[in-house]
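# Structural overview
Each chain is listed here by its residues.
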Amino acid sequence: MLDRYHFIRVVGLSVIVIVLKLIQNQPPAVVAVEGRVPLPAAPASVALAYDSRVAAMMAKVTQSLVYTATGGLSGEWPVSIAGQPFIIHDRYSNAGRQQVARYLYEYAGSNGVPVAYDSYFDLNPLPGCPNTVTNVVASLTGVISPTEVVILSAHYDSYSSSSSAADDNASGSAGVMLAARALGNKSYARTLRFVWFDAEERDLCGSYKYASHLKNAHPEERVIADFNLDMIGYDTDSDGAMELHTRLTSSAGYSDDLAVAGVFTNVVSTYGLSGVLRPVIIADAASWSDHDSFWQVGYPAVCAIEDDTSDSNPLSKT
Ligand SMILES: [Zn+2]
């Protein structure tokens, strides 16, 4: 199954998007409008300064590591959980999701990122939601502005117990894993969080719980960005298209979302990736993934997804 996928270098970019958010507040490179907007290269006036430390982190994300992580999450080969080999057969059932959560928990910890389960139990959950949802939250507390929080997220659950769901969303989960690996064991100005959400395929239950909890129980924290990865492994026409979904241009939160997307597009230019990655900002307020849970509580968020319009994966759920 995995051989279908041509991984582009978005995982590396996911790493540096976060790093650069930590380093500086970047004005957006471009102004997007409603609908699909192919982006020009960022103007020189807002180009980022090249930073060799960032480049070194990017280099830690390799094609083979991405391939291995995605295959492990989708049952192509065993992973290690509690020191034992384990094949992840499903990321849908309660038992299956529990194993995956444990795997991600151990992965973050072993890469120098303090980690915790973020679990919720509801006797009467929202329609479509399981009784128990368990997000995995790995966090590097900021040393200068600890209450400013930058989040990189992906959902780890799948659409059904019979699907390996390599693209949706082992690919995004692997992206967050590799970012945690590249950024772990270090300190940053802002708090940096890697979050794997549960139950996205059931009406965004996991991320809804997490974002509402942040908003209601942690008003001292300010979410600077959620950069959400949902399906980043498919590119059969090899054009490198990567959709970045924001709220509508008429939304009060649009400029915040655009600032997040603007970091991504600037990184593509500055680090010489324009030949392999083509960001397309789409201001359509798409509500089909976990970034929407952040929008619902008023936090900036962007969803990165492969070209789901003109080169969409017919087997994304399988
Ligand atoms: Zn998905």
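Worth saying up front: this structure is predicted, and the values here are computed from it rather than measured.

### Focus on the overall build of the protein chain
The helix and strand tally for the protein chain stands at 8 helices and 11 strands. Considering the protein chain as a whole, with its 318 residues, one finds that 53% of them fall into the buried category. The contacts of the protein chain with a sequence gap of at least 6 include a subset with a gap of at least 24, amounting to 81%.

### Concerning the confidence of the model for the protein chain
Per-residue pLDDT for the protein chain averages 86, and the proportion of residues at 70 or more is 85%. Residue range residues 1–13 is modelled with pLDDT below 50. Its contacts to residues more than four positions away, or to other chains, number 40 contacts. Low confidence marks residues 19–45, where pLDDT is under 50. Its contacts with residues over four positions away, or in another chain, come to 64 contacts.

### Considering helix α4 (residues 94–110)
The end-to-end C-alpha distance of α4, which contains 17 residues, comes to 24 Å, matching closely the 24 Å that a straight helix rising 1.5 Å per residue would cover. Those residues of α4 not exposed but buried are R97, V100, A101, Y103, L104, Y107 and A108. Taken down its axis, α4 places every buried residue within 160° of arc, on the same side. Turned more than 90 degrees from where α4 packs its buried face, N94 and A95 sit exposed. In this fold, the buried residues of α4 make contact with β2 (79–81), β4 (115–121), β5 (132–140), α5 (166–183) and β7 (190–197). Following α4 by one or two positions, G112 adopts a phi angle in the positive range, close to 75°.

### Focus on unusual backbone geometry
Omega for the peptide link from D168 to N169 comes to 10°, which places this bond in the cis form. Relative to the helices and strands, N169 resides in helix α5. In this model, M231 sits at a positive phi of 75°, which is unusual for a non-glycine residue. With respect to the helices and strands, M231 occurs in the loop between β8 (222–229) and β9 (241–245). Its 26 C-beta neighbours within 10 Å are what place M231 among the buried residues. One non-glycine residue, A285, lies in positive phi territory at about 55°. Relative to the helices and strands, A285 is located in the loop between β10 (278–282) and α8 (291–296). Residue A285 is classed as partly exposed on the basis of its 18 C-beta neighbours within 10 Å.

### Quick look at the pairing of β8
The buried fraction of β8 is high, at 7 of 8 residues. Sheet topology note: the strand β6 (residues 145–155)/β8 ladder contains 6 bridges and is parallel. Counted as the bridge partner of I151 is D226 from β8.

### Considering the nonpolar core
Across soluble globular proteins, nonpolar side chains have a tendency to be buried as a group. Ranked by internal contacts, the top residues of the largest apolar core, which has 86 residues, are L104, V176, A180, F194 and A304. Of the residues forming this core, the biggest block, 10 residues, is contributed by α5. Setting aside anything within four residues of it in sequence, one finds V176 in contact with L152, S153, A154, F194, W196 and L229.

### Focus: the environment of T147
Here T147 shows up in strand β6. Expressed as a C-alpha distance, the spacing of T147 and R222, which sit 75 residues apart in the sequence, is 6.0 Å. Excluding residues within four positions of it along the chain, T147 makes contact with E220, E221 and R222.

### A short note on helix α6 (residues 205–217)
The end-to-end C-alpha separation of α6 is 18 Å, in line with the 18 Å expected for 13 residues at 1.5 Å each. Inspection of α6 places C205, G206, S207, Y208, K209, Y210, A211 and L214 among the buried residues, and these make up the whole buried set. Of the surrounding secondary structure, the elements contacted by the buried residues of α6 are β4, β5, β6, β7, β8 and α8.

### Notes on the packing of helix α3 (residues 63–73) against α5
At a minimum axis distance of 8 Å, the contact between α3 and α5 shows a crossing angle of 130°. In terms of orientation, α3 and α5 fall into the oblique class. Judged by the twist between their axes, the crossing of α3 over α5 is right-handed. Contacts between α3 and α5 pair L65, V66, A69, T70 and L73 from the former with A166, A170, S171, S173, A174, M177 and L178 from the latter. Residues that form the contact of α3 with α5 fall into these classes: 9 nonpolar, 3 polar and no charged.

### Considerations on the pairing of β5
Most of β5 sits inside the fold, with 7 of its 9 residues counted as buried. The sheet contact formed by β4 and β5 spans 7 bridges and is antiparallel. Among the inter-strand pairings, F121 is bridged to a residue of β5, identified as T132. The pairing of β5 with β7 spans 5 bridges and is antiparallel.

### Digging into the environment of G262
Locating G262 in the fold gives a position in helix α7 (residues 254–270). As a C-alpha pair, G262 and P279 span 17 residues in sequence and 9.7 Å in three-dimensional space.

Rules of the game
Residues numbered from 1 in each chain as written. Predicted model: local features only at pLDDT ≥ 70, side-chain atom pairs only at ≥ 80, totals over all residues. Helix = DSSP H or I, 4+ residues; strand = E, 2+ residues; numbered from the N terminus. Buried ≥ 20, exposed ≤ 12 C-beta atoms within 10 Å, placed from the backbone. Contact = placed C-beta atoms within 7 Å. pLDDT = per-residue confidence, 0-100. Expected span 1.5 Å × (residues − 1). Arc of directions from axis to C-beta. Pairing = 2+ DSSP bridges. Core = buried A, V, L, I, M, F, W, Y, C linked by C-beta atoms within 7 Å. Axes fitted to C-alpha atoms, helices over the stretch in contact; angles between N-to-C directions. Parallel < 35°, antiparallel > 145°, perpendicular 65-115°, else oblique. Left-handed = near helix turned anticlockwise from the far one by under 90°. Nonpolar A, V, L, I, M, F, W, Y, C, P; charged D, E, K, R; others polar.

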